[in-house]
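Structural overview for review
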Amino acid sequence: MTDSEIQSAILDMGRRARAASRALVNLTSDQKNAILHAMADEIMARQDGILAANALDLGRAEQNGLSKAMIDRLTLDPKRLKAVADAVREVATLPDPVGELLTEWTRPNGLHIRKLRVPIGVIGIIFESRPNVTTDAASLCFKTSNTTILRGGSEAIDSNRALAAALQAGGERAGLPADSIQLIPFTDRSSVEHMARMDQYIDLIIPRGGKGLIEKVVSTARMPVIKHYDGVCHVYVHADADFDMAANIIANSKCQKPGVCNALETILVHRDAAAAFYPIIGKRLAEAKVELRGDAEALAHLGVDAKAATEEDWSTEYLDLILSAKTVSGLDEAIAHINHYGSHHTDSIITRDAAAAARFQHEVDSAVVLHNASTRFNDGGEFGFGAEIGISTDKLHARGPMGLRELTSYQYRVRGNG
């Protein structure tokens, strides 16, 4: 397709999404929940076709030499596809925030003012790699009465097409307005730019993917963008920490799933704990085949092979079994390091000192700040939100895991007496 043809096609999708959004607002919560169940049923009914489409994506991924981790993220099998359908059904069980009364009051002049949650309208989702994002994003946006235009990466294009078609077809049989869920069917990079400039139809755009994608969207978009950049996450081990707890939390934060944004990238260790704690965590991480990069004090105490950390390491999101380690003089230096080198995503303190934990949580400028817990808990499911649309490091209008409420705006409805 030529660039002008791509632009014309995307504009047409925008027009149809805007029209569908007007119809969506009239659906009740019960109707939306029935439609979500119909979507999930259709995913399972089309299992063979969806898995065949996924096999095409996987074949191309192997030919193109994608990493094992990337191929794993792309892979669907019967068990994973059932989990995808179950996640759609779970959204149906969540409270519908649309129409929720936030506050109300009456003015001396007799005006009665009510503030209620309302849909945003049309939401564009641009994402890479994982086909389950198609269903997560579409179901969450639909539950909040938003229409969705999805633009996935080329790696999962056949899987995404099959899943989006199942969602729309299954939903339509239960009353879903046409064009409520649309997937851009081509992978030309110019489609991202055309979406980002289509502010006459798209009210909000959410990019999920690498830094290059996010920066392109941010620099081009004419509508609000909710995003996260790097997930440079920290665990600070205070002097009085329970070392067994700290080792377990660090191992979970780093090793459970190293290629995600809430995985740990740097540990900070209080100097008074360095001699005792570094050998414990060094052995634990070496057994998990984690490459360690440390400052001079860390290297002196880790007791395992490690590399000297560079200045660049402190701000690097490895997304791999690599971890940097820095020794700090105390809480002040730990907080200063995180606020300087971190990405305002997820940071944790391990300590028995409630006052130290409270100060850490008050002064660290991140979306989620934890005490005695793994960074992996920064997750919509763990927070009880159901499937999440992403994790935002912005401060407006959403921050941290984004669930249903973060996909709404609000409206003032005012009644007078003439």
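Residues numbered from 1 in each chain as written. Predicted model: local features only at pLDDT ≥ 70, side-chain atom pairs only at ≥ 80, totals over all residues. Heavy atoms only, no water.

All right, on to unusual backbone geometry then. Looking along the chain, the bond that leaves Leu396 and enters His397 is cis, with omega of -10 degrees. Notably, Ser145 is not glycine yet its phi reads approximately 65 degrees, a positive angle. As for its placement among the helices and strands, Ser145 is situated in the loop between helix H6 (132-143) and strand E4 (147-151). Residue class for Ser145 comes out buried when judged on its relative accessible area of 2%. One non-glycine residue, Lys289, lies in positive phi territory at about 65 degrees. Along the chain, Lys289 falls in the loop between helix H11 (271-287) and strand E9 (291-294). (Helix = DSSP H or I, 4+ residues; strand = E, 2+ residues; numbered from the N terminus. Buried < 20%, exposed > 50% of the residue type's maximum accessible area, 1.4 Å probe, protein only.)

Pairing in this open sheet of three strands is antiparallel, and the strands run E1-E2-E16 from one edge to the other. Of all strands in the sheet, those with a lone pairing partner are strand E1 (101-106) and strand E16 (408-415), marking the two edges. Taken pair by pair, the neighbouring strands of this sheet meet at an average axis angle of 20 degrees, ignoring direction. Strand direction decides the pairing type here: E1 and strand E2 (residues 112-119), joined by five bridges, are antiparallel. Of the residues in E2, the one forming a bridge with Thr106 is His112. (Pairing = 2+ DSSP bridges. Axes fitted to C-alpha atoms, helices over the stretch in contact; angles between N-to-C directions.)

Turning next to the pattern of salt bridges. Per the stated rule, a full pass over the model turns up 31 salt bridges. Residues Arg16 and Asp179 are paired through a salt bridge, measuring 2.8 Å at the closest nitrogen-oxygen approach. Of this pair, Arg16 sits in helix H1 (residues 3-24) while Asp179 sits in the loop between helix H7 (157-173) and strand E5 (181-183), and the two are 163 residues apart along the sequence. The class for Arg16 is partly exposed, based on a relative accessible area of 31%. Where Arg89 meets Asp86, a salt bridge forms, and the shortest distance between an N and an O atom there is 3.4 Å. Placement of the pair is Arg89 and Asp86 together in helix H5 (residues 78-93), with a separation of three residues, close to one helical turn. On the basis of relative accessible area, Asp86 is assigned to the partly exposed category, the value being 30%. Salt bridges here are not isolated pairs; linked through shared partners, they connect Asp12, Arg15, Arg16 and Asp179. (Salt bridge = Lys/Arg side-chain N within 4 Å of Asp/Glu carboxyl O.)

For the structure shown, the criterion picks out zero disulfides. No disulfide involves Cys233; its sulfur sits 7.0 Å from that of Cys261, the nearest cysteine. Relative accessible area serves as the criterion here: at 0%, Cys233 is assigned to the buried category. (Disulfide = S-S within 2.5 Å.)

At their nearest, the axes of helix H3 (residues 47-63) and H7 sit 7 Å apart, and the two run at 160 degrees to each other. By the criterion of interaxial angle, the relationship of H3 to H7 is roughly antiparallel. In this structure, H3 crosses over H7, and the sense of that crossing is left-handed. Taken together, the residues of H7 that come into contact with H3 (itself represented by Ile50, Ala53, Asn54, Leu56, Asp57 and Arg60) are Ile157, Asp158, Ser159, Ala162, Leu163 and Ala166. Taken together, the residues of the contact of H3 with H7 break down into seven nonpolar, two polar and three charged. (Parallel < 35°, antiparallel > 145°, perpendicular 65-115°, else oblique. Left-handed = near helix turned anticlockwise from the far one by under 90°. Contact = heavy atoms within 4.5 Å. Nonpolar A, V, L, I, M, F, W, Y, C, P; charged D, E, K, R; others polar.)

Tracing the chain through its elements places Tyr341 in helix H13 (residues 331-341). Classification of Tyr341 by relative accessible area gives buried; the value is 17%. For the pair Tyr341 and Ser315, spaced 26 residues apart in the sequence, the C-alpha separation amounts to 5.1 Å. Contact partners of Tyr341, with chain neighbours within four places excluded, come to Val232, Glu311, Trp314 and Ser315. Engagement of the side chain of Tyr341 in a polar contact is seen with the side chain of Glu311, the distance being 2.6 Å. (Polar contact = N/O pair within 3.5 Å; in protein donor to acceptor, adjacent residues only side chain to side chain.)

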